Amino acid sequence: MINFLFHRIICEVSRDMLNLLQLLRQHEIFFISSPLLIFTLLLIFFLALIRPSRKRKLILPPSPAKLPIIGNLHNLGRQPHRSLHVLAQRFGPLMLLRFGNVPVLVVSSADAACEIKKTHDLTFINGPKLSVTRKLLYDYKDVASAPYGEYWRQMRSICVLNLLSNKMVKSYRAIREEETALAMQYIKRIALGRKYNEDKNKFKKLLSDFLELLGTPDVGDYLPWLAWVSHVNGFNAKVDKVAKELDEFLDGVIEEHVNQHNKHANDQKDFVDVLLEIQKQDTVGFPIERTSIKALILDVFSAGTDTTYTVLEWAMTELLRHPKAMKELQKEAGKVSGGKSSISEDDLHNMQYLKAVIKETLRLHPPIPTLLPRVSTKDVKINGYDIVEGTQVIINAWAIGRDPSLWEKPEEFIPDRFLNNPIDFKGHHFELIPFGSGRRICPGMQLAMQINELLLANLVHKFDWTLPDGASERDLDMTECIGFTKHKESPLIAIANQCSF
Ligand code: HEM
């Protein structure tokens, strides 16, 4: 059989060569330097025969069986981080899947994540070009989806310098403390049975649709010849509708700021004011268009709000399931408050158990469990495997957080494991990478943590929490929602009983 194939290949190549020689003869090129030409063509012919094919030489990571056309798309299920975790237990920490036409490397160990995010950070610095992201984020004009380069560098530094730097995060302290106090009053109002403000729900719904769409793969990105499906099933129409409504909303926000800017020149400037000022000053090296401003605002909303409150919701849920841990945290809050009714940001430095609770929550419930997908910009070897250019990479931070070779009793909520333990989430310990790592590590990490620590500390300090209708800890639903950020599918409902301060 192999002989027969080999024979056929030689016949075909020889026929092609003859055709080529005939063509050259027709054009009288052959007669110019026929011996040299024949020698060159024969050399190419034999080199082509002896050169081993690239495919045969590649050492690829193990792969689960694929279906025709869709490849492994059927393996993703409703919760890809969970399905991929189960597959990784069979196929190992580096698996090569195929989503339609696209090769996808799934990384489920801390070591391999370190290879991707540290050793080969630059090779995997960009995200894939996805049609939903392009439509919703103004042709990749935000920080998170912008390709690595000058535009990304400038946009990221605008975000960091004007919103997320240590200095800026410290400067919002008053706002955070005020908002935390308001949140506490708000909870009191809810506890007293006041109605939730319906107006706010409109934007909330828009934002949740936006996040859901960002987390939904478009079939055309993986099987271009099936792109029409998204037209037929209404997916494209939904993306266009959400993009249009968000755009109108953001235009409104910018107009409001432009109009108020002159009236309240001395008021404290917010992020949109700062962006408008940078646009006017024209100091970035290229003009900042309105779409860039809108994309940055969307980044802050999408990357910043849902992710941050998700941590709080899971932390409260876990604490309600683990009354001992709740008591321990309340004890610590009581101690550091020194009898005050509120916990201030200064008190947080002395709350080691609080920090351990938040780390343990991030280990078990990373808000973006598979981080942001990346693409290899060139062929590269990872742990001895060949990863070809154009391979998408998914790092399953959720699976790494539950790896039994790294964590004792990995499925259990045990905050104490982080006491007197140097492991942190700042991108240096690959066992715990809810914020990613490397050049594109989340720039909002510090702000998110500051907000979460302050809110959680005050929630447990000011209130005793119980479940409604005599429900027990075991009744708490731990199902995750579908979409980009994994919060609880059913919102946490708990009763706040005011402590006697
Ligand atoms: C608990 C809260 C948060 C979590 C878990 C989180 C998680 C992440 C992750 C996993 C990435 C990708 C990192 C990588 O690829 O290595 C990321 C990127 C990003 N995050 Fe966050 N984030 C949070 C809060 C925030 C906040 C509060 C902001 C801003 C207000 C923010 C803004 C961004 C931006 C702009 C990027 C893109 C960075 C780039 O591509 O250069 N995030 N975040």
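For clarity, every value in this text was computed on a predicted model and none was experimentally measured.

### With respect to the coordination of the iron atom of the ligand
With respect to protein ligation, the iron atom of the ligand binds only C442 (SG), at 2.3 Å. On the secondary structure map, C442 appears in the loop between α19 (397-400) and α20 (445-462).

### Some words on helix α16 (residues 323-337)
The periodicity of an α-helix, 3.6 residues per turn, causes residues three or four places apart in sequence to face the same way. An ideal rise of 1.5 Å per residue puts 21 Å on 15 residues; α16 measures up with 21 Å between its terminal C-alpha atoms. Within α16, burial applies to A325, M326, L329, Q330, E332, A333, V336 and S337. An end-on view of α16 places all buried positions within 160° of arc, on one side of the element. Residues of α16 that are exposed and point more than 90 degrees away from the buried face comprise K324, K327, K331 and K335.

### A short note on the sheet that holds strand β2 (residues 102-107)
Spatially, four strands are ordered β1-β2-β6-β3 in an open sheet, and the strand pairing comes out mixed. What marks the edges here is a single partner per strand, and that holds for β1 (94-99) and β3 (374-375). Judged from the four bridges that link them, β2 and strand β6 (residues 392-395) form a sheet pairing that is parallel. Looking across to β6, one finds that V107 is bridged to I395. Where helix α4 (residues 80-91) meets the sheet, its contacts fall on β1, β2 and β6, and the angle it forms with β1 comes to roughly 125°.

### Quick word on unusual backbone geometry
Both trends apply: most residues other than glycine have a negative phi, and most peptide bonds are in trans. Here K409, not a glycine, exhibits a phi torsion of approximately 40°, which is positive. Residues other than glycine seldom take positive phi values, yet N420 does so here, at roughly 50°. Following the sequence through the fold, N420 ends up in the loop between α19 and α20. Overall, N420 belongs to the exposed group, its relative accessible area being 84%.

### Observations concerning the site of the ligand
The environment of the ligand is formed by 27 residues, the closest being K117, W152, R156, R374 and C442. Measuring from an oxygen atom of the ligand, one finds a side-chain N or O atom of K117 at 2.9 Å. The contact in question runs from an oxygen atom of the ligand to an N or O atom on the side chain of R440, over 2.9 Å. Among the secondary structure elements, those contributing two or more residues to the shell around the ligand are α7 (150-164) and α15 (290-321). Broken down by element, the residue count for the shell around the ligand peaks at seven residues, all from α15.

About the cut-offs
Residues numbered from 1 in each chain as written. Predicted model: local features only at pLDDT ≥ 70, side-chain atom pairs only at ≥ 80, totals over all residues. Heavy atoms only, no water. Donors = N, O, S within 2.8 Å, 3.2 Å for Na, K, Ca; no water. Helix = DSSP H or I, 4+ residues; strand = E, 2+ residues; numbered from the N terminus. Expected span 1.5 Å × (residues − 1). Buried < 20%, exposed > 50% of the residue type's maximum accessible area, 1.4 Å probe, protein only. Arc of directions from axis to C-beta. Pairing = 2+ DSSP bridges. Contact = heavy atoms within 4.5 Å. Axes fitted to C-alpha atoms, helices over the stretch in contact; angles between N-to-C directions. Near = heavy atom within 4 Å. Polar contact = N/O pair within 3.5 Å; in protein donor to acceptor, adjacent residues only side chain to side chain.

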